[in-house]
Amino acid sequence: MRKEHFLLLFILFLIGAGLAMGLNGVLDLVYYAFRSFLRMVAAYALSVVFSVTVALLITHNRKASDFLFPILDVLQAVPILGFLPFAILFFVHIFPGGILGQELSSAFLIFTSMAWAIVFAMIESVTYITNEMRDLAKLLNLRGFRYLTQVIFPISLPQFVSGSMTGWGGGWYFLVASEYIALGTESIRMPGLGFFIAESAFSYNILNSIIGLIMLSFIVFGMNLYVWQPLLKKSRGTLEQSSDNFVLGLLDSAYSRICAFGERFQKNSEGIMDRISICPENVRKHTSQGSTKVAYALILAILLIFLYILFFRAPQYLEGFLIFKYAISSMGRLAIGFAIALAWTAAVAIFLAKNKKAMSVLMPAFDLGQSIPAVSVFPIIVIVVVQTIGGQIGLNVASVLLLLTGMQWYFLFNLIRAVQSIPDEIFDLNNLLRLETIRRLRHVLIPAILPAIFIASVESVGGGWNASIVSEYIIGPDGKPFVMDGLGYLLSHSAASGYMDGILLAVSAITLIVLSLNYFVWKPLIRSSDKYKF
């Protein structure tokens, strides 16, 4: 889409929204979108600083990697509502009676949904530094700040941009949870697009829900058009002139200023970087685990917290060992969502393998899809699925559909990247040998995407648990929730009621399940499938 066409469509949308909502309504909508965008930018800036710092330590400093990687695994396993008590108790109570504490709480919650995709993309990108690159950097004595600007940042830029796109989409997905905060009697309603979408969805105002989603769509497409796609082209060396793009011009100017500032302290930065082992000779290739001892110690600590709360502080509304029934119910729905997500995304990724025209059309739509908050599709799912099918079957179908909104995009983007990494020579050889479709799938395409499937499984399961918070506690048109047994319901109900013990019990149970799968299932599979990488 051309930029002038995008601007024309946006103006027409604002005119249409003004006719539907009135002038004050559309002005409020623009203001809400602006406030949400500022929070997203603040959370993204924090995510970038966090990701670069942590990725450099993990990929260069063995001691830091042993401790930081297991901690990252734990933090990304915690659902966003698990950070809610900390956000409210810390930020709101430190800055009482003002807007600063609320804004910091909202930005922090967006950060917790955005940072992990960026930091893991950075970690993966640094491992692409070859022995030849490392030796050349040592020969040219590239240390300190020059090592970062001339080696690390250029090599990591493509993966960093891809991770940023995924993280940015995750931030929009959980925008509702960060602007529509409730913990018992503590309630925070931040003016923003997430608040507008949630309020419209919970009141079953279909028109406002659609208008809010269209506004979100314009922001997502605008970011793709003006920022992400040009950045991707620049990172791959296919953008001829970045000066034609205002945003890239600003980023280039800012990066030049940072480099100039760093050059002034080059000598000091060499000493600091050497002390924390960030230098060419310390680049580590295998950084996928950290210390297993630290990981097992963390899992044991979370298990003890879970057992302590279960036996000594279990909430009154959680009789007996219902927690295990809840866990099995949630895992069953997640397994169904997992299978559906893997099946359709693998088929689409293989179809798009070398179809650049279809890729250019579908990728913006996929990027929009991953950004749509699950809450915004409440009215459609409840009206179409729950009220049409009815009963427990309808509830479970609706729950799985909502789970898919949090799971499928991790598979899709990882699998598309895996298929794109297959060399053209492999496809040419297949055509030369005239391999049948089944043999091509079995011997080339499926092995090539196998590592991406296992990597995406780690992210997808975490996203599914986050989505379970919404999918097991669906608000009906009359304001009463449709409730399904599950850990997501337990966490949502505990947060709404202000039961800290219930929150801790649900979070510790979810974290234990995610970490157990990561360390005993997915990571061994990832290691065994590394041989299939191109």
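Residues numbered from 1 in each chain as written. Predicted model: local features only at pLDDT ≥ 70, side-chain atom pairs only at ≥ 80, totals over all residues. Heavy atoms only, no water.

Draft legend 1. Broad picture of helix 15 (residues 356–371). A rise of 1.5 Å per residue sets the reference length of helix 15, with its 16 residues, at 22 Å; its end C-alpha atoms lie 23 Å apart and thus fit the reference within 8%. Of all the bends in helix 15, the largest measures some 35° and sits at leucine 362, one to four residues before the proline proline 364. Listed as buried for helix 15 are Ala358, Met359, Phe366, Asp367, Leu368, Gly369, Gln370 and Ser371. (Helix = DSSP H or I, 4+ residues; strand = E, 2+ residues; numbered from the N terminus. Expected span 1.5 Å × (residues − 1). Bend = angle between axes of the 7 residues up to and from the residue. Buried < 20%, exposed > 50% of the residue type's maximum accessible area, 1.4 Å probe, protein only.)

Draft legend 2. Layout of the layout of surface pockets. Of the volumes computed, that of the second largest pocket is approximately 1300 Å³. Breaking the lining of the second largest pocket down by element, the ones donating at least two residues are helix 2 (23–60), helix 7 (144–173), helix 10 (206–235), helix 11 (246–264) and helix 12 (266–275). When residues of the lining of the second largest pocket are assigned to their parent elements, the largest contribution, 11 residues, is made by helix 7. Classifying every residue of the lining of the second largest pocket gives 34 nonpolar, 5 polar and 2 charged. (1 Å grid on protein atoms, 1.4 Å probe; cavity = no way out; pocket = protein on both sides within 12 Å on 5 of 7 lines; lining within 4 Å. Points joined across faces, edges and corners; volume = space filled by probe spheres on them. Nonpolar A, V, L, I, M, F, W, Y, C, P; charged D, E, K, R; others polar.)

Draft legend 3. Summary view of empty space enclosed by the protein. Considering all chains together, one arrives at 3 cavities of 30 Å³ or more under this definition. Roughly 300 Å³ of internal volume is contained in the largest cavity. Among the elements of the structure, helix 3 (62–77), helix 5 (99–126), helix 7, helix 19 (437–471) and helix 21 (500–529) are those that each provide at least two residues to the lining of the largest cavity. Counted by class, the lining of the largest cavity contains 12 nonpolar, 10 polar and 1 charged residues. What the second largest cavity holds in volume is close to 120 Å³. Together, Thr166, Gly169, Gly170, Tyr173, Phe174, Gln370, Thr405, Gly406, Trp409, Tyr410, Phe413 and Gly463 line the second largest cavity. Mapped by element, the contributors of at least two residues to the lining of the second largest cavity are helix 7 and helix 17 (391–420). A per-class count over the lining of the second largest cavity returns 5 nonpolar, 7 polar and no charged.

Draft legend 4. Highlighting the packing of aromatic side chains. Inspection of every chain in the model, using the stated rule, returns 27 aromatic pairs. Look at tryptophan 168 and tryptophan 172: their rings are 6.3 Å apart centre to centre, the planes differ by 80°, and that puts the pair in the edge-to-face class. Within this pair, tryptophan 168 and its partner tryptophan 172 are both found in helix 7, separated by 4 residues, close to a single helical turn. Here the aromatic residues Phe6, Phe10, Phe13, Phe218 and Tyr226 are joined through ring pairs into a cluster of three or more. Positioned over the ring face of tyrosine 519 is lysine 523, at 4.7 Å from the centre of the ring. (Phe/Tyr/Trp six-rings, centres within 6.5 Å; stacked < 30°, edge-to-face > 60°. Lys NZ or Arg CZ within 6 Å of the ring centre and 35° of its normal.)

Draft legend 5. Quick look at helix 3. A rise of 1.5 Å per residue sets the reference length of helix 3, with its 16 residues, at 22 Å; its end C-alpha atoms lie 23 Å apart and thus fit the reference within 8%. Of all the residues in helix 3, the buried ones are Ala64, Ser65, Phe69, Pro70, Leu72, Asp73, Val74, Gln76 and Ala77. Of the residues that open helix 3, the one with a side-chain oxygen 3.1 Å from the backbone nitrogen of lysine 63 is asparagine 61. (Polar contact = N/O pair within 3.5 Å; in protein donor to acceptor, adjacent residues only side chain to side chain.)

Draft legend 6. Focus on the packing of helix 7 against helix 10. Where helix 7 contacts helix 10, the axes come no closer than 9 Å and their chain directions differ by 170°. Considering the angle they form, helix 7 stands roughly antiparallel to helix 10. Residues Leu157, Pro158, Val161, Ser162, Ser164, Met165, Trp168 and Trp172 of helix 7 lie in contact with helix 10, whose contacting residues are Leu216, Ile219, Val220, Met223, Asn224, Trp228, Gln229, Leu231, Leu232 and Ser235. In terms of residue class, the contact of helix 7 with helix 10 is built from 13 nonpolar, 5 polar and no charged. (Axes fitted to C-alpha atoms, helices over the stretch in contact; angles between N-to-C directions. Parallel < 35°, antiparallel > 145°, perpendicular 65-115°, else oblique. Contact = heavy atoms within 4.5 Å.)

Draft legend 7. Spatial organisation of the pattern of salt bridges. Following the criterion strictly, the structure yields 5 salt bridges and no others. Here glutamate 103 and arginine 39 are joined by a salt bridge, their closest N and O atoms 2.8 Å apart. Of this pair, glutamate 103 sits in helix 5 while arginine 39 sits in helix 2, and the two are 64 residues apart along the sequence. In this structure, lysine 325 and aspartate 485 form a salt bridge, with 3.2 Å as the shortest nitrogen-oxygen distance. Of this pair, lysine 325 sits in helix 14 (residues 322–351) while aspartate 485 sits in the loop between strand 4 (481–483) and helix 20 (487–497), placing them 160 residues apart in sequence. Looking at lysine 325, the relative accessible area reads 45%, which means it is partly exposed. The structure contains a network of salt bridges with shared partners spanning Arg35, Arg39 and Glu103. (Salt bridge = Lys/Arg side-chain N within 4 Å of Asp/Glu carboxyl O.)

Draft legend 8. Spotlight on the nonpolar core. Ranked by internal contacts, the top residues of the largest apolar core, which has 141 residues, are Trp172, Leu193, Trp228 and Leu487. Residues Val377, Ile381, Val385 and Leu402 belong to the second largest nonpolar core, which totals 5 residues. (Core = buried A, V, L, I, M, F, W, Y, C linked by side-chain atoms within 4.5 Å.)

Draft legend 9. Spotlight on the environment of glycine 463. Looking at the secondary structure, you find glycine 463 in helix 19. Given the relative accessible area of 5%, glycine 463 is considered buried. Considered as a pair, glycine 463 and tryptophan 409 are 54 residues apart in the sequence and their alpha carbons are 9.4 Å apart. If sequence neighbours within four positions are ignored, glycine 463 has contacts with Gly406 and Tyr410.

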